Each structure stands twice: as structure tokens, then as C-alpha cells.
Amino acid sequence: VPRLDSAMDAALLLGSLAARAGDRVDFLAGDRLVRSRLRLRSSKDIAGRLSEAMADLEPVIAEADWRSLAAGVAGLGRQRALLVLLTPLEPAAIEESLLPVLPSLLAHHRVVLASVRDPELTRLAARRADAAEVFTAAAAEQTMSRRAQTERMLRALGVTVVDADAETLPPK
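Residues numbered from 1 in each chain as written. Predicted model: local features only at pLDDT ≥ 70, side-chain atom pairs only at ≥ 80, totals over all residues. Heavy atoms only, no water.

1. Quick word on the nonpolar core
Turning to step 1, where the next piece is worked out: Grouped together as the largest cluster of nonpolar side chains are 17 residues, with contacts concentrated most on Leu 98, Leu 102, Leu 105, Val 111, Leu 113, Leu 154 and Val 159.
Turning to step 2, where the next piece is worked out: Elements that contribute at least two residues to this core include exactly helix H3 (66-74), strand E3 (81-86), helix H4 (91-98), helix H5 (102-108) and strand E4 (109-117).
Turning to step 3, where the next piece is worked out: Apart from residues lying up to four places away in sequence, Leu 105 is in contact with Ala 70, Val 73, Leu 83, Leu 98 and Val 111.
Turning to step 4, where the next piece is worked out: Ala 11, Phe 27, Leu 40 and Leu 57 belong to the second-largest nonpolar core, a separate cluster that totals 14 residues. (Core = buried A, V, L, I, M, F, W, Y, C linked by side-chain atoms within 4.5 Å. Buried < 20%, exposed > 50% of the residue type's maximum accessible area, 1.4 Å probe, protein only. Helix = DSSP H or I, 4+ residues; strand = E, 2+ residues; numbered from the N terminus. Contact = heavy atoms within 4.5 Å.)

2. Section: the sheet that holds E3
Paired through backbone hydrogen bonds, the strands of a sheet run either parallel or antiparallel to each other.
Turning to step 1, where the next piece is worked out: Reading across the sheet, the three strands line up as E3-E4-E5 and stay open at both edges, with parallel pairing between neighbours. Both outer strands of the open sheet, E3 and strand E5 (160-165), are each paired with one neighbouring strand and no more. Within this sheet the neighbouring strands show an average axis-to-axis angle of 20°, counted without direction.
Turning to step 2, where the next piece is worked out: Where E3 meets E4, six bridges bridge the pair, whose relative direction is parallel. Across the sheet, residue Leu 85 finds its bridge partner in E4, namely Leu 113. (Pairing = 2+ DSSP bridges. Axes fitted to C-alpha atoms, helices over the stretch in contact; angles between N-to-C directions.)

3. A look at the side chain of Ser 115
Turning to step 1, where the next piece is worked out: In this fold, Ser 115 is placed in strand E4.
Turning to step 2, where the next piece is worked out: Look at Ser 115 and you get buried, because its relative accessible area is 0%.
Turning to step 3, where the next piece is worked out: Setting aside residues up to four positions removed in sequence, Ser 115 forms contacts with Thr 87, Pro 88, Leu 89, Arg 147, Val 162, Asp 163, Ala 164 and Leu 169.

Written as C-alpha cells, this is what we have:
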């Protein structure tokens with residue numbers, strides 16, 4: 001299951017659960033630009049409306065512009081909310097782009113960062129049959145260690161982090 005599909009499944013499930021509980025649900029998706037925005041005033045056909053809002057989303061190889069996305073979130077209202085960021089737990093991108101805007105997001109919202117973990121990293125880290133695999137395993141271990149360090153930093157700042165494989169992220 002590709003990362004974007006897993007994130008979209010998680011958004012659908014979370015949005016449906018929140019609406020069923022009587023919460024207002026807003027949706028915003030983007031990368032360098034806001035690509036989709038939806039303000040839902042009622043829970044009527046939330047899954048259909050969210051699916052429609054996500055229908056044209058395509059994966060891109062680009063870091064998110066968190067200043068732009070944070071401004072989009074602020075445009076949805078200042079009421080305290082559960083803000084779920086479905087984004088990769090990529091240390092460099094988080095440290096350079098998300099970290100500067102995180103204090104303003106945390107000041108107004110309860111922030112959850114949900115990331116799809118790459119299962120290939122675990123497989124690569126376990127292979128050590130020859131010298132090439134040992135070097136690859138070391139690189140995979142280093143990547144996993146940096147992700148874990150970034151996760152600890154985010155948790156220390158007050159962010160709830162969910163890092164799971166594509167199959168288990170949506171129900172978490």
C-alpha cells in the first residue's frame with residue numbers, strides 16, 4: 001500500500017469517527033501548495049465528501065512547505081482542535097520545515113504526526129550476508145536511529161507520534 005493511499009485511508013477513518021462523535025471535521029492537504037481544502041459543517045456523507053476532496057491528490061517528491069500549510073490550518077479557524085499531520089517522519093524535512101512552525105500549531109491545537117514507516121528499512125537492516133549488505137544495513141540502522149531521535153524530539157515538544165507500516169496506520 002503506497003504511503004499516500006495509507007494516509008488517505010487514515011484521514012477517511014479518522015474523519016468518519018470524529019464526525020460520528022459529533023466533532024466538526026476540516027480537511028487540508030498539500031505539499032508546497034495547499035492542494036485540497038474542505039470545511040465540513042455536518043457529518044452527512046463525510047466519507048464521500050472526503051473521498052471527493054482527495055480524489056485528485058497525487059504523490060509528489062517534494063518537501064512540504066509547512067509555513068504555507070500552517071497558514072492554511074490557521075485559515076480554518078482558531079478554535080482548539082485535534083490536528084493530525086499525515087506526513088513522513090523524515091528527520092531533515094521535519095527539522096528544517098515543520099519545526100519552525102510547530103510552536104504556533106501546538107499553541108492552538110493538539111498535534112498528532114502520523115507517518116507511514118518504510119518496511120524495507122527493517123529488512124535492509126537485518127541483511128548482513130556480505131560486505132555490501134553490511135554497509136547497507138549500517139545505513140538502514142542509521143536512518144532508523146535518526147527517525148527514532150526525531151520522534152523523541154517531537155514527543156518532548158508535545159506532539160503525539162504514530163509511526164506505523166502502511167497496513168496498520170489507518171486503524172491506529
